[in-house]
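Breakdown of the fold
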Amino acid sequence: MDVRITRWYFKLLYVVGAWLLGIPVLALLNALHLPPAAVDAVSGAVSLASVLLGARIFRGRGEPVAPPRPWWKMTARPRLSRALGVLFALTPASAAAVAIAAAFGVDAASEALGRYTEAGLWTSVLALTALAALYLNSAARLRRLPALPVEPKFRTPGALR
């Protein structure tokens, strides 16, 4: 059965649910007394998988619902793909800057990284960089396609006079 999510509130519910899924996953991994690097790796994989699954099942306004999306298409619109790509690029860039500052002995940066293992931090940086590349690639390719038709937004007529 192919699932497609077209309404914004179900998309929001999916995102919140995927975020909340991380809590029991982390609790289970910590209960199994796995090393912190393994916990970070599995947690990152679950997060990455949830974003990629969302990109496959979400549909934008005017986008065909039934056929599967091409592998490169992360959103229906180039502007949204570009915005998410920039967001996903800024996050690992700032994390890498903090890690480099910590390596040079900046105390505030070391405190900020206190919870993370080095392997977990760099795994997250690589995963977010991959997502940034996918979203920016999607934006570039979507710009070359004809724009999707805009569906009319009908409003309930006011009081008739």
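For the structure, check the block above.
So, here is what we can say about the structure in this document. (Residues numbered from 1 in each chain as written. Predicted model: local features only at pLDDT ≥ 70, side-chain atom pairs only at ≥ 80, totals over all residues. Heavy atoms only, no water.)

**A closer look at the environment of Arg79**
For Arg79, the position within the fold is in helix α3 (residues 78-103). A residue is classified by how much of its surface remains accessible, and Arg79, at 69% relative accessible area, is exposed. In the structure, Arg79 is positioned 54 residues away from Val25 in sequence and 33 Å away in space, judged by C-alpha atoms. (Helix = DSSP H or I, 4+ residues; strand = E, 2+ residues; numbered from the N terminus. Buried < 20%, exposed > 50% of the residue type's maximum accessible area, 1.4 Å probe, protein only.)

**A few points about the nonpolar core**
Core analysis: the largest hydrophobic core is formed by six residues, namely Ala55, Met74, Phe88, Leu131, Ala132 and Tyr135. What Tyr135 contacts, discounting residues up to four positions off in sequence, is Val51, Ala55, Met74, Thr75, Ser81, Arg82, Leu84, Gly85 and Phe88. Listed in part, the five residues of the second largest apolar core include Ala102, Ala109, Leu113 and Leu121. (Core = buried A, V, L, I, M, F, W, Y, C linked by side-chain atoms within 4.5 Å. Contact = heavy atoms within 4.5 Å.)

**Overview of helix α5 (residues 118-144)**
Side chains three or four residues apart in an α-helix point the same way, a direct result of the helix having 3.6 residues per turn. For α5, which comprises 27 residues, the first-to-last C-alpha distance of 40 Å matches the rise-based estimate of 39 Å (1.5 Å per residue) to within 8%. Listed in full, the buried residues belonging to α5 are Gly120, Leu121, Val125, Ala127, Leu131, Ala132, Tyr135, Ser138, Ala139 and Leu142. Residues of α5 that are buried in the fold lie against α2 (36-57) and α3. (Expected span 1.5 Å × (residues − 1).)

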